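One-letter residues, chain by chain:
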Amino acid sequence: MKNALITGITGQDGAYLADFLLGKGYKVFGGYRRLSTPNFWRLYHLGIHDKVKLLPLDVLDSHSISEALVASAPNEVYHLAAQSFVGASFVQPLYTSDVTGFGSVRLLDEILKFDKKIKIYQASSSEMFGEDNSPTKNETSPFNPVSPYAVAKLYSYWMVRAYRKGYGMHATNGILFNHESPLRGLEFVTRKISNEVAKISLGLSKSLKLGNLDAKRDWGYAPEFVEGMWKMLQQKNPDDYVLATNETHTVREFVNEACKIAGISSKSIQTSKQNLRPIDVQYLRGDYKKAKRKLGWSPKTKFKKLVKIMVDEDISRWERWIKREYFPWDAATFGHDSIGMKKTKKL
Ligand code: NDP
Ligand code: GDR
């Protein structure tokens, strides 16, 4: 039996990857950072909270990383932990550099000291390509990062390559384009849309305020992308791979499709300057030919199906909430301004 350590197991990808690896017979250890209120809803949602071994691991703290390595003795480490929200990286550039940039090096260095044969996956990002006019991006496309998040990710990307070449470590960069799901965090645009459109359709909200509606993204389905991460670490040699769908759509198209599915008018969608970034990547579309050729990986869920999965699930959750059903889910504790919330009894 193989052991896997996932940093950032409480996030979208961490939860899906844990589920996938359990299905492959792995013993799964998950690093989480201590919060005042634990954030395990995704693991409960997938029914795997008691199947994974949770270990305190904050990438700002090398000691906690080395303790987690000793406790898990991993064959494979999936490094997913990050300050992953591009918008927040403009407000917290130093913190983002520390967590998303230096955090990876703390991990690489502890692995080098502990056992350099451990295979490592680094969660690199399409955001690293930044502003560039080429129609699609692959593993050889130039990087031109424009956000503090992307700069921090690019630093980690190069450090992974330096440790790979310098110390012969099996360290791989997965350059993943946006991938979404009903487990996506509420601040990211797809889930913000699916959640609010679901509420509007049930009379629980009146409007949705967004930012740049013209931005284009290559959106895939997260459970398929975590399988790609695993495939990368099953290769004899480490390398870098793009995972994407090779389709691109505007935020506006996502809104329109979501409204159509929920049966509401897209007139209730507004834009607000508050949701604009100082600079935004306008266009992203990935070329996953290398992953297809070498890993046998291809995306199955495309744009319309993805939007439907997300909107249907958020409508179903809010319907259950209206019926006073309690289950693990983020949105119920997120906004307190909905009409439905006022109906709840005070504790
Ligand atoms: P999430 O934001 O859902 O998850 C991020 C995880 O990192 C959470 O578990 C979070 O914990 C954890 N984390 C944050 N700070 C620390 C810290 N200081 N120490 C330890 N853990 C920490 O991201 P995703 O699951 O969507 O993405 C996974 C990774 O892939 C990230 O690195 C992201 O940047 C990258 N990526 C994501 C893409 C996507 O489209 N989803 C595309 C390309 C790259 P907590 O729950 O406590 O906040
Ligand atoms: P992104 O995802 O920045 O691509 O990073 P996000 O969903 O935040 O934004 C996508 C695009 O939508 C535009 N947008 C808005 N975004 C948010 N969050 N909220 C809004 O109200 C809104 N209105 C318009 C954004 O400006 C942007 O153009 C994600 C993260 O998962 C990263 O960790 C990952 O590396 C990249 O995807 C690939």
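One structure accompanies this document, and this report is about it. Nothing here was measured: the structure is a model prediction, and the numbers come from that model. (Residues numbered from 1 in each chain as written. Chains lettered and ligands numbered in written order. Predicted model: local features only at pLDDT ≥ 70, side-chain atom pairs only at ≥ 80, totals over all residues. Heavy atoms only, no water.)

Observations regarding the nonpolar core
And step 1. Core analysis: the biggest nonpolar cluster contains 35 residues, and Ile6, Leu17, Leu21, Val28, Tyr78, Tyr121 and Met229 have the highest contact counts within it.
And step 2. When residues of this core are traced back to their parent elements, those giving at least two are strand S1 (3-7), helix H1 (12-23), helix H2 (41-45), strand S5 (119-125), helix H8 (222-233), strand S11 (240-243) and helix H10 (289-295).
And step 3. The residues contacting Val28, other than those within four sequence positions of it, are Ala4, Ile6, Ile9, Ala18, Leu21, Leu22, Val52 and Lys53. (Core = buried A, V, L, I, M, F, W, Y, C linked by side-chain atoms within 4.5 Å. Buried < 20%, exposed > 50% of the residue type's maximum accessible area, 1.4 Å probe, protein only. Helix = DSSP H or I, 4+ residues; strand = E, 2+ residues; numbered from the N terminus. Contact = heavy atoms within 4.5 Å.)

What to know about the site of ligand 1
And step 1. Close to ligand 1 lie 26 residues; Thr10, Asn39, Leu80, Ser84 and Tyr149 are nearest.
And step 2. The contact in question runs from a nitrogen atom of ligand 1 to an N or O atom on the side chain of Arg184, over 3.2 Å.
And step 3. Bound to the protein, ligand 1 loses 92% of the 900 Å² it would expose on its own.
And step 4. Ranked by residue count, the leading element in the shell around ligand 1 is S5, at three residues. (Near = heavy atom within 4 Å. Polar contact = N/O pair within 3.5 Å; in protein donor to acceptor, adjacent residues only side chain to side chain. Areas by Shrake-Rupley, 256 points an atom, 1.4 Å probe, with all protein chains shown as cover.)

Considering the packing of helix H7 (residues 189-201) against helix H9 (residues 251-262)
And step 1. For the pair H7 and H9, the least separation of the axes is 10 Å and the interaxial angle reads 30 degrees. By the angle between their axes, H7 is roughly parallel relative to H9. Considering only the axes of H7 and H9, their crossing is right-handed. Between H7, through Val189, Thr190, Ile193, Val197 and Ser201, and H9, the contact on the second element is made entirely by Val251, Phe254, Val255, Ala258, Cys259 and Ala262.
And step 2. Considered class by class, the residues forming the contact of H7 with H9 number nine nonpolar, two polar and no charged. (Axes fitted to C-alpha atoms, helices over the stretch in contact; angles between N-to-C directions. Parallel < 35°, antiparallel > 145°, perpendicular 65-115°, else oblique. Left-handed = near helix turned anticlockwise from the far one by under 90°. Nonpolar A, V, L, I, M, F, W, Y, C, P; charged D, E, K, R; others polar.)

Quick word on H7
In an α-helix there are 3.6 residues to a turn, and that puts residues three or four apart on one side.
And step 1. Taking 1.5 Å of rise per residue, 13 residues should cover 18 Å, and H7 covers 18 Å from first to last C-alpha, within 8% of that figure.
And step 2. For H7, the buried fraction is high: 10 of the 13 residues fall into the buried class.
And step 3. Where H7 is concerned, the buried positions are Thr190, Arg191, Ile193, Ser194, Asn195, Glu196, Val197, Ala198, Lys199 and Ile200.
And step 4. Buried residues along H7 sit against strand S7 (179-180), strand S8 (208-210), H9 and helix H11 (303-322).
And step 5. Note on H7: the residue one or two positions beyond its end, Gly203, has a positive phi of about 75 degrees. (Expected span 1.5 Å × (residues − 1).)

Quick look at the site of ligand 2
And step 1. Inspection of the region around ligand 2 gives 22 residues, with Ser84, Ser125, Tyr149, Arg277 and Asp280 positioned closest.
And step 2. Residue Tyr149 places a side-chain N or O atom 2.5 Å away from an oxygen atom belonging to ligand 2.
And step 3. With respect to ligand 2, the side chain of Arg277 contributes an N or O atom lying 2.7 Å from an oxygen atom.
And step 4. Protein chains shield 95% of the accessible area of ligand 2, which is 700 Å² for the free molecule.
And step 5. Class assignment of the residues belonging to the shell around ligand 2 gives a composition of nine nonpolar, seven polar and six charged.

As for the environment of Lys113
And step 1. Along the polypeptide, Lys113 turns up in helix H5 (residues 93-114).
And step 2. Separated by 23 residues in the primary sequence, Lys113 and Phe90 place their C-alpha atoms 34 Å from one another.

What to know about the pairing of strand S6 (residues 171-176)
And step 1. S6 sits mainly inside the fold: six of its six residues count as buried.
And step 2. Residues Ala171, Asn173 and Ile175 point to one face of S6 and Thr172, Gly174 and Leu176 to the other, with burial holding for every one of them.
And step 3. One ladder, built from six bridges, connects S5 with S6; its direction is parallel. What sits directly across from Ser124, in S6, is Ile175.
And step 4. The parallel pair S5 and S6, bridged by helix H6 (residues 148-167), forms a crossover whose chirality is right-handed. (Pairing = 2+ DSSP bridges. Right-handed = clockwise from strand over helix to strand, strands pointing away.)

What about the packing of aromatic side chains?
And step 1. Per the counting criterion, the structure on display carries 18 aromatic pairs.
And step 2. Where Phe143 meets Tyr157, the ring centres are 5.0 Å apart and the plane angle is 70 degrees; that geometry is what we call edge-to-face. Of the two residues, Phe143 sits in the loop between S5 and H6 while Tyr157 sits in helix H6, which places them 14 residues apart along the sequence.
And step 3. Ring plane angle 80 degrees and centroid distance 5.1 Å describe the contact between Trp318 and Trp321, whose orientation is recorded as edge-to-face. Here the residue Trp318 and the residue Trp321 both occupy positions in helix H11, the gap between them amounting to three residues, near one helical turn.
And step 4. A relative accessible area of 9% places Trp321 in the buried class.
And step 5. Across the ring face of Phe188, the terminal group of Arg184 is positioned such that the distance to the ring centre comes to 4.0 Å.
And step 6. Above the ring of Phe327, the side-chain terminus of Arg320 is found at 3.8 Å from the ring centroid. (Phe/Tyr/Trp six-rings, centres within 6.5 Å; stacked < 30°, edge-to-face > 60°. Lys NZ or Arg CZ within 6 Å of the ring centre and 35° of its normal.)

Observations concerning the side chain of Asn173
And step 1. In this structure, Asn173 sits in strand S6.
And step 2. A polar side-chain atom of Asn173 sits 3.2 Å from a polar atom in the side chain of Asp240.
And step 3. Once residues lying within four places of it in the same chain are set aside, the contact partners of Asn173 are Gln122, Ser124, Tyr157, Val160, Arg161, Arg164, Met232, Asp239, Asp240 and Tyr241.

A look at the sheet that holds S5
And step 1. The strand order across the open sheet formed by seven strands is S3-S2-S1-S4-S5-S6-S11, and the pairing between neighbours is parallel. The open sheet has two free edges, formed respectively by strand S3 (53-56) and S11, since each of these has just one partner strand. Each strand axis lies, on average, 20 degrees off the axis of its neighbour in the sheet, ignoring direction.
And step 2. Set on the sheet, H6 makes contact with S5, S6 and S11; between it and S6 the angle comes to about 150 degrees.

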